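Now for the letters of each chain:
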Amino acid sequence: MALQGLLATSRRRAALVFAAAFALRLGYAAATTAGRGELVADARDYSSYAQSLIQTGTYRDAAGARADRMPGYPLFLAALFCLFGTSVAAVQAVQCALGAATCVLVLELGSDWLGPGWGLAGGLGAACYFDLFSTSARLLTETLAAFLLTLLFLLYSRRRPARPRDAAAMGLVAGALYLVRPEFSLFALLLAALLLLELWPVSRRRAAACAGALLLGLSLFALPWALRNKAVLGRMVLTSTAGPLNLYLGIPRTAHERFGLLPTAYVPLPALPAMGELAAMDFFRARAVRLCAALSAGQIARALLFNTLIQYYPFHPGYDPTLVFWLPFWLWGAWLCRGERRAWPLAAALLYLTAVYDVVAVMQARHRQVLGPAAILLGLWGLRELRRRLSGPGFRRVLLFWAAANACVWAFAPRVRQAALLLRDLL
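For the structure given in this document, a descriptive report is provided here. (Residues numbered from 1 in each chain as written. Predicted model: local features only at pLDDT ≥ 70, side-chain atom pairs only at ≥ 80, totals over all residues. Heavy atoms only, no water.)

Observations regarding the pattern of salt bridges
Spelled out, the test is: A pair is scored as a salt bridge if a Lys or Arg side-chain nitrogen falls within 4 Å of a carboxyl oxygen belonging to Asp or Glu. Per the convention used, a helix needs a DSSP run of H or I reaching at least four residues, while a strand needs a run of E reaching at least two, with both numbered from the N terminus. Each residue gets one of three labels from its accessible area relative to the maximum for its type: buried under 20%, exposed over 50%, partly exposed in between, using a 1.4 Å probe on protein chains only.
Enumeration according to the criterion identifies 18 salt bridges in this entry. Ionic pairing is found between D42 and R69, a salt bridge with its closest N-O pair at 2.8 Å. With a gap of 27 residues between them, D42 in helix α3 (residues 41–55) and R69 in the loop between α3 and α4 (72–84) connect regions that are remote in the sequence. A residue is classified by how much of its surface remains accessible, and R69, at 16% relative accessible area, is buried. In the salt-bridge network here, residues are joined through shared partners; they are D42, D45, R69, E142, R181, E183 and R366.

Structural notes on the packing of helix α18 (residues 372–389) against helix α19 (residues 392–411)
Our working definition: Simply put, an axis is a line fit to the C-alpha atoms, just over the touching stretch for a helix, and the angle between two N-to-C directions goes from 0 to 180 degrees. Any angle from 65 to 115 degrees is called roughly perpendicular, while one under 35 is roughly parallel, one over 145 is roughly antiparallel, and all others are oblique. Left-handed describes a crossing whose near helix is turned anticlockwise from the far helix by less than a right angle; the clockwise case is right-handed. Between two residues, a contact is recorded if the distance between any of their heavy atoms is within 4.5 Å. Residue classes follow a fixed rule: Ala, Val, Leu, Ile, Met, Phe, Trp, Tyr, Cys and Pro count as nonpolar, while Asp, Glu, Lys and Arg count as charged, and any other residue, Gly among them, counts as polar.
Two elements in contact, α18 and α19, have axes whose closest approach is 8 Å; the angle formed by their N-to-C orientations is 135°. Compared by their axis directions, α18 and α19 come out oblique. Both α18 and α19 take part in a crossing whose hand is right-handed. On α19, the residues touching L383, L386 and R387 of α18 are F395, V398 and L399. Its residues assigned to classes, the contact of α18 with α19 comprises 5 nonpolar, no polar and 1 charged.

Overview of the side chain of E385
Rules: In protein, a polar contact requires one atom able to donate a hydrogen and another able to accept it; more generally it is a pair of N or O atoms within 3.5 Å, and residues adjacent in sequence count only if both atoms are side-chain atoms.
Tracing the backbone shows E385 in helix α18. For E385, a relative accessible area of 13% corresponds to the buried category. Of note is the side chain of E385, whose polar atom sits 2.8 Å from the side chain of R389. In contact with E385, not counting residues within four places along its chain, are W332 and L336.

Structural notes on the packing of helix α16 (residues 321–336) against α18
Two elements in contact, α16 and α18, have axes separated by 6 Å at closest approach and are oriented at 85°. On the basis of their axis angle, the class for α16 and α18 is roughly perpendicular. Seen from α16, the contacting residues are W326, F329, W330, W332, G333, A334 and L336; seen from α18, they are A375, I376, L378, G379, L380, W381, G382, L383, E385, L386 and R389.

Considerations on the packing of aromatic side chains
Note the threshold: Only centres within 6.5 Å qualify two rings of Phe, Tyr or Trp (six-membered ring in Trp) as a pair; their planes then separate them into stacked at under 30 degrees, edge-to-face at over 60, and tilted for everything else. Only Lys NZ and Arg CZ are tested; either one counts as a charge over a ring when it is within 6 Å of the ring centre and within 35 degrees of the ring normal.
All chains considered together, the criterion is met by 20 aromatic pairs. Centre to centre, the rings of Y28 and F130 are 6.0 Å apart; their planes meet at 90°, and the pair counts as edge-to-face. In this pair, Y28 is assigned in helix α2 (residues 10–32) and F130 in helix α7 (residues 130–133), connecting sequence segments 102 residues apart. Three or more aromatic residues joined by ring pairs form one cluster here, namely Y248, Y266, F283 and F284. Its guanidinium or amino end placed over the ring of W335, R338 lies 3.9 Å from that ring's centre, counting from NZ or CZ.

Rendered as structure tokens:
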């Protein structure tokens, strides 16, 4: 009874989800890094851009690159460094709060669609989802991007009736997300298309106005970045100068390193000569196109399949039982939601981002982490349908069996991982 009273109001449910998510993230960050050892690789580059903004007012990293990272996350870091000093622990604490806020957004969406009980299950599921809570400890884009993407889902779901100002708000959030992760520029176009598809039969004028307002909001972020690059680099670069490099590290790298194709044509990065940003863009774009053209359709399909498996591979290096637990439910939920227009952006994000990360550099599962909220929300649809088809005891038995199976795999993860690697190598 006391628990029922605690969860009686939406504010209390939100407070419970936020507190649980924040405590788990803060504990994980303290246990794994304690505010140290995070300024390496990509995190070092982001921090370098942020320090340059603070110290010189210019946007460049320690190596002199001026646009190989999108500015959204370095601006976020620069703001936090100004407030708290160059403190990794302070950034981690803020990201823990931002990650907890993402779980509250999942709670709100789940409650809107399926009811308070399912919303609470989704919020707590997001709080405990490894791909979501582990990102708060690292100075990388995933935590900020996941928050903005979930906010975009909420804005899309709650615009009733659809008005241009609602679409403009979506465009502004999509623009901020684009400055953090450039691949979301095309996702914003996909959202505009979904709005047109939904509103066109009702009112063509409203459909065009809403789609235009969304794109206008996006352009308020994209255009200044492109004009800045024109002034600094001499070219209207809409994303980052590292984009063609990621293409080079996508299908060609998989074909070469995993399947022994392109033995002499593919050149590993350490063997490549240093070159300027624009020259590198042109070089890697031409090389990636040429190498992909040298592969057959079957070889490209094989590389894409392997890249998909890498994205959702649960051993990196330890077993992730939260991913595997939710995986069948959110795949089923994605199928069930095909007639629910409010949920279309979730399935669109899943399909679109999986396709994008099949083509660009993947060789790690980090890219899928931003899809965590969509995975949880789609998983709720699958779980609700499972409960509808099974009686109460049957539903609980299925969940307990599936959770126990994942716990067993987690307990014997090293041996299971060896079997998974053997199967991967056979494929």
